[in-house]
Amino acid sequence: MLVYFSRCRRVKAAVSTQLTPSSVLRLADHQDELVKMAENGDGENMSLLENKICQQIEYYFGNHNLPRDKFLKEQIKLDDGWVPLEVMIKFNRLSHLSTDFSVIVEALRKSKTGLMEISEDKTKIRRSPSKPLPELNDQYKAAIRNRSVYVKGFPLDATLDDIKEWLEDKGPVENIQMRRTLQKTFKGSIFAVFDSVESAKKFTEIPNQKYKDAELIILFKEEYCTKKNEERKQYKVEAKARAKQEKEEKQKQAADAEMKSLEEKTGCLLKFSGDLDDQTCREDLHDVFSDHGEIKWIHFVRGAKEGIILFKDIAKEALEKAKAAHNGNLQLRNKDVTWELLEGDAEKEALKKLLEDQQELLKQKTKGRKIKGKGRGGKTPQGAHKGKVQFQGKKIKFDNEEGGGEDDTKTEPASPKKRPLEEMEKEEPAPKQLKTENGGGD
């Protein structure tokens, strides 16, 4: 039997001594109601300390704290929900109120909520089994959110007791969450959960609310979260724009520095031209000059008849060494080539063109990183970038509509076993596949 019933006996004794026999008979039908009032503490005044003790313990075992209090949840599993008062008085806020078992028990005995029970020996307490925790489903969470209010404007040194005292006449509040930084310092704002949507709405409609002359911002939590999400999205957009601007500025500075560096280094450009083989590529130029001069950049498109080489050092020296190594006949893929050292305005114009190529390539690489993983295989294949770089890979051409795609380095005719192009397009739309692999698809 719980200790509440000892109080019931005292109440019934008091009734029998103070009322006449006829009065007792008239109240006989209401005896159960009197017992219930005694059990719940109605009719007895609670001191300020007792009220605080009840509020604190009922918060520990309440719907908002207990589901997330790992320590307390472990304790209630040990003894059918009972938790020794010896354990409870180690809780910081309760210990500051009282560590006297009798004071704590007497406070809980007077509580009107019926949430807590006291053991017969008055050494343990538990949440009443008749008041189980609600199921933490989406419906319950939405109900809590709908009666939660955001309040901002409290001083950073305000305590929970200060805020509880301010909220005392603002309506029934179930829970107060003091919002804190990662360093655990108070942010000056709270989330308060009211007992109903009506109570929360009534609180938000109070005009010009202040805390010690400081104006407060008061919003429903849902409204605050929506506003905050919009602010975060806007911040991301602005941050992205700033980052892009900073990147472009850095690229411009780098280009200017490169241009200045190139302007100071004259005599590094070598132009080549002639009836070049269609398969002539940059690798051919690297092979020719690999042992004679370090190449920094080549302005050349496969299939073109001329191009420009930028050397790290003097182009004339690299050219002379390469010619000497090839007995004065420096060719590309067995084709005669005219080699010309650029000077003056021609050199400046060529340098400008090289820098433009570098910037274009940098932009294409940046775009390639953004779409990485979206195409098949998660990697942009060689030759997929726009601009002149696309000629780095093998060219694909069709000799006729019925032939399959062939590498232009092969000369054998299309196999008669290959299906017509129209049939291939029906089953495997090649152009769309290429688009996706090049990173241009959805």
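I will try to describe carefully the structure that is included in this document.

How each quantity is defined
Residues numbered from 1 in each chain as written. Predicted model: local features only at pLDDT ≥ 70, side-chain atom pairs only at ≥ 80, totals over all residues. Heavy atoms only, no water. Helix = DSSP H or I, 4+ residues; strand = E, 2+ residues; numbered from the N terminus. Buried < 20%, exposed > 50% of the residue type's maximum accessible area, 1.4 Å probe, protein only. 1 Å grid on protein atoms, 1.4 Å probe; cavity = no way out; pocket = protein on both sides within 12 Å on 5 of 7 lines; lining within 4 Å. Points joined across faces, edges and corners; volume = space filled by probe spheres on them. Nonpolar A, V, L, I, M, F, W, Y, C, P; charged D, E, K, R; others polar. Phe/Tyr/Trp six-rings, centres within 6.5 Å; stacked < 30°, edge-to-face > 60°. Core = buried A, V, L, I, M, F, W, Y, C linked by side-chain atoms within 4.5 Å. Contact = heavy atoms within 4.5 Å. Pairing = 2+ DSSP bridges. Axes fitted to C-alpha atoms, helices over the stretch in contact; angles between N-to-C directions. Salt bridge = Lys/Arg side-chain N within 4 Å of Asp/Glu carboxyl O. Arc of directions from axis to C-beta.

What follows deals with the overall build of the chain. Counting secondary structure elements, the chain contains 17 helices and 15 strands. Among the 442 residues that make up the chain, the fraction classed as buried is 32%.

Turning our eyes to something else, we now look at the layout of surface pockets. Approximately 1,400 Å³ is the volume attributed to the largest pocket. If you go around the largest pocket, you meet 40 residues; those closest to its centre are Gln55, Gln56, Lys164, Val173 and Glu174. Counting only elements with at least two residues in the lining of the largest pocket, the list comes to α4 (48–60), α7 (92–97), α10 (160–167) and β5 (173–180). Broken down by element, the residue count for the lining of the largest pocket peaks at nine residues, all from α4. Per-class residue counts for the lining of the largest pocket are 13 nonpolar, 13 polar and 14 charged.

Our next topic: the packing of aromatic side chains. Counted according to the given criterion, the structure contains 15 aromatic pairs. Ring centres of tyrosine 150 and phenylalanine 191 lie 5.8 Å apart, and the angle between their planes is 50 degrees; on these two criteria the pair is classed as tilted. Residue tyrosine 150 is found in strand β4 (residues 148–152), and its partner phenylalanine 191 is found in strand β6 (residues 186–194); the two are separated by 41 residues along the sequence. Measuring from centroid to centroid gives 6.3 Å for tryptophan 166 and tyrosine 211, while their planes differ by 70 degrees, and the two rings are edge-to-face.

In this structure, Ile57, Phe61, Met88 and Ile125 are the most contacted members of the largest nonpolar core, which totals 22 residues. Discounting residues that sit within four places of it in the chain, phenylalanine 61 has contacts with Leu66, Leu72, Ile76, Val83, Met88, Leu115, Met116, Ile125, Arg126 and Arg127. In this structure, Ile309, Leu319, Leu332 and Trp339 belong to the second largest nonpolar core, which totals 19 residues.

Moving on to the sheet that holds β4. One open sheet holds the four strands; their spatial order is β5-β6-β4-β9, and the pairing between them is antiparallel. Among the strands making up the open sheet, the edge pair consists of β5 and β9 (217–220). Each strand axis lies, on average, 20 degrees off the axis of its neighbour in the sheet, ignoring direction. By the bridge criterion, four bridges tie β4 to β9 in an arrangement that is antiparallel. Looking across to β9, one finds that valine 149 is bridged to phenylalanine 220.

This paragraph deals with the pattern of salt bridges. Across all of its chains, the model carries 16 salt bridges by this definition. A salt bridge links arginine 126 to aspartate 80; the nearest nitrogen and oxygen atoms lie 3.3 Å apart. Of this pair, arginine 126 sits in strand β3 (residues 124–127) while aspartate 80 sits in the loop between α5 (70–76) and β1 (83–84), placing them 46 residues apart in sequence. Linking aspartate 161 and arginine 93 is a salt bridge whose minimum nitrogen-to-oxygen distance equals 2.6 Å. Separated by 68 residues along the polypeptide, aspartate 161 in helix α10 and arginine 93 in helix α7 bring together distant segments of the chain. Here the salt bridges share partners, and the residues they tie into one network are Asp80, Glu117 and Arg126.

So, about helix α13 (residues 282–289). Arg282, Asp284, Leu285, Val288 and Phe289 are the residues of α13 that are buried. Along α13, the residues classed as buried sweep out an arc of 155 degrees about the axis, all on the same side. Considering only its buried residues, α13 is in contact with β10 (269–273), β11 (295–299), β12 (306–311), α14 (315–325) and β13 (338–341).

All right, on to the sheet that holds β13 then. The strand order β11-β12-β10-β13 describes an open sheet built from four strands, whose pairing is antiparallel. Two strands bound the open sheet, and with one partner strand each, they are β11 and β13. Each strand axis lies, on average, 20 degrees off the axis of its neighbour in the sheet, ignoring direction. Relative to β12, β10 is paired through five bridges, and the arrangement is antiparallel. Along β12, the bridge assignment pairs lysine 271 with isoleucine 308. Where α13 meets the sheet, its contacts fall on β10, β11, β12 and β13, and the angle it forms with β11 comes to roughly 145 degrees. Contacts from α14 reach β10, β12 and β13, with the element oriented near 155 degrees to β13.

The subject of this paragraph is the environment of glutamate 258. Inspection of the secondary structure assignment puts glutamate 258 in helix α12 (residues 221–264). A residue is classified by how much of its surface remains accessible, and glutamate 258, at 24% relative accessible area, is partly exposed. Along the primary structure glutamate 258 and leucine 351 are separated by 93 residues, whereas in three dimensions their C-alpha atoms are 10.0 Å apart.

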